[in-house]
Amino acid sequence: MKLSKIISGTMNWGSWGANYSPQEVSKLINCAYESGINTFDHADIYGGYTTEKLFGKGFKISGLDRDKVVYISKCGIMYPCDKLPINVKHYDYSKKHILKSVENSLKNLNTDYIDCLLLHRPSPIMDIKEISDTINELIDKKMIRKFGVSNFTASQMKLIQMELKISFNQIEFSLTHFKPMFDGTLDFMQINDIKPMAYSPLGNYFSSKNKALLDKVKNISLKYSCKEDEVLLSWILKHKSEIFPVIGTTKEERIARSLKAEKINMDLIDWFELLEASSGRRVP
Ligand SMILES: NC(=O)c1ccc[n+]([C@@H]2O[C@H](COP(=O)([O-])OP(=O)(O)OC[C@H]3O[C@@H](n4cnc5c(N)ncnc54)[C@H](OP(=O)(O)O)[C@@H]3O)[C@@H](O)[C@H]2O)c1
């Protein structure tokens with residue numbers, strides 16, 4: 001399983017965003033694949049439990065082979081919507097629910113296996129022994145290949161690691177949301193060889209009113225002859241924990257150019273100038 005350095009997130013491809021048809025989804029999949037992105041990020045809940053099915057249909061039309069691509073999916077969030085009419089949003093990591101969720105994802109994505117299954121968010125009352133039993137069963141049955149978590153702190157990762165090896169933690173991380181770099185989250189992952197995936201990698205840049213940040217990113221994009229989103233991605237890629245950004249764009253041209261960020265070797269000074277512009281203060 002070789003993940004592309006940039007992962008294409010599907011959260012906004014369906015009813016939570018662009019509302020694409022299966023044909024339009026297939027074009028995005030082909031565009032990603034042709035530009036070097038082989039990895040797609042899913043979750044059972046996207047589109048109110050409908051987007052995995054849309055992707056499955058789009059993938060069929062794309063004509064690609066399943067073994068050429070990598071699927072990440074997530075389970076555990078019980079999200080009130082038409083498909084799940086419940087009163088309260090909550091998390092369910094019971095064996096019964098995890099198994100059911102993975103079976104649904106496999107059916108909807110039209111595949112025999114998920115390359116990496118993530119627990120979507122930590123539950124305050126999760127039973128790590130029950131989770132570990134279930135994940136091992138899924139691995140034994142070849143329904144999933146790797147296991148990871150999402151939105152877990154260092155201590156929550158430590159708790160899970162008492163029972164299970166974590167391969168990935170998908171966290172929110174960007175130039176405008178860099179707390180994981182200073183609260184021990186990324187350090188813990190580096191020490192324990194847990195690879196980070198960064199969701200919302202553009203942060204709030206495109207809606208930001210921070211003029212210093214907007215000016216700095218624009219200047220740096222001119223210096224490296226690239227677009228602003230490539231600057232934001234290359235800033236993340238400079239971190240030594242080997243982060244995989246999960247991009248959320250629904251536009252072909254933005255998907256197609258995103259891997260160019262890997263080619264930018266940002267100067268040390270530019271990296272710190274961006275951090276200073278975003279945080280509004282010098283490093284101590
Ligand atoms: N694990 C979790 O809890 C979690 C939570 C949230 C998301 N995720 C995953 O992470 C993925 C990415 O998250 P995200 O959507 O927040 O990521 P993002 O890539 O930071 O943001 C994507 C948004 O930025 C816009 N955008 C991109 N390039 C732009 C540009 N040059 N100018 C203006 N707007 C631009 C996109 O609009 P266009 O579509 O118009 O380009 C889209 O609305 C999701 O698809 C999902 O797979 C995971």
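In this report, we go over the structure that sits alongside the text. Predicted model only: the values in this text are computed from it and were never measured.

### Quick look at the overall build of the chain
Looking only at helices and strands, one finds eleven helices and ten strands in the chain. Here the C-alpha radius of gyration of the chain, 19 Å, is about what a compact globule of 284 residues would show, namely 19 Å. For the chain, the exposed area adds up to about 13800 Å²; of that, 51% sits on carbon and sulfur atoms. In the chain, 40 side chains carry a positive charge and 34 a negative one; their mean positions are 2 Å apart.

### Observations concerning the packing of helix H3 (residues 51-62) against helix H4 (residues 95-109)
At their nearest, the axes of H3 and H4 sit 7 Å apart, and the two run at 35 degrees to each other. Within the contact between the two elements, H3 uses Glu52, Lys53, Phe55 and Gly56 and H4 uses Ser105, Asn108 and Leu109.

### Regarding unusual backbone geometry
Phi is positive for Asn110, which is not a glycine, with a value near 60 degrees. Relative to the helices and strands, Asn110 is located in the loop between H4 and strand S6 (114-119). One non-glycine residue, Ser225, adopts positive backbone phi at about 50 degrees. Tracing the backbone shows Ser225 in the loop between helix H8 (211-223) and helix H9 (228-237).

### Here we look at the site of the ligand
Close to the ligand lie 27 residues; Asp41, Ser200, Thr249, Lys251 and Arg254 are nearest. Gln170 is positioned such that a nitrogen or oxygen atom in its side chain is 3.0 Å from a nitrogen atom of the ligand. Here Arg254 contributes a side-chain N or O atom positioned 2.6 Å from an oxygen atom of the ligand. Starting from 920 Å² of accessible surface for the ligand in isolation, the protein chains cover 80%. If you map the ligand onto the pockets, it falls in the largest pocket. Of all elements in the fold, only strand S10 (244-247) and helix H10 (252-258) reach the threshold of two or more residues within the shell around the ligand. Considering only residue class, the shell around the ligand consists of eight nonpolar, twelve polar and seven charged.

### Let's talk about the layout of surface pockets
Quantified by volume, the largest pocket comes out at close to 710 Å³. Taken together, 35 residues line the largest pocket, and the ones lying closest to its centre are Met11, Asn12, Ser200, Pro201 and Gly248. Taken together, the elements giving at least two residues each to the lining of the largest pocket come down to H9, S10 and H10. Classifying every residue of the lining of the largest pocket gives 14 nonpolar, twelve polar and nine charged. Estimates place the volume of the second largest pocket at around 480 Å³. For the second largest pocket, the lining is made up of 19 residues, of which Asp44, Tyr49, Lys83, Asn104 and Asn108 are closest to its centre. Breaking the lining of the second largest pocket down by element, the ones donating at least two residues are H3 and H4. For the lining of the second largest pocket, the leading source of residues is H4, giving seven residues. Its residues assigned to classes, the lining of the second largest pocket shows three nonpolar, eight polar and eight charged.

Conventions adopted
Residues numbered from 1 in each chain as written. Predicted model: local features only at pLDDT ≥ 70, side-chain atom pairs only at ≥ 80, totals over all residues. Heavy atoms only, no water. Helix = DSSP H or I, 4+ residues; strand = E, 2+ residues; numbered from the N terminus. Rg over C-alpha atoms; globule rule 2.2 N^0.38 Å. Areas by Shrake-Rupley, 256 points an atom, 1.4 Å probe, with all protein chains shown as cover. Lys, Arg positive; Asp, Glu negative; His and termini not counted. Charge placed at Lys NZ, Arg CZ, Asp CG, Glu CD. Axes fitted to C-alpha atoms, helices over the stretch in contact; angles between N-to-C directions. Contact = heavy atoms within 4.5 Å. Near = heavy atom within 4 Å. Polar contact = N/O pair within 3.5 Å; in protein donor to acceptor, adjacent residues only side chain to side chain. 1 Å grid on protein atoms, 1.4 Å probe; cavity = no way out; pocket = protein on both sides within 12 Å on 5 of 7 lines; lining within 4 Å. Sits in = over half its atoms within 2 Å of the grid points. Nonpolar A, V, L, I, M, F, W, Y, C, P; charged D, E, K, R; others polar. Points joined across faces, edges and corners; volume = space filled by probe spheres on them.

Everything listed here is a matter of geometry and, on its own, says nothing about what the molecule does.
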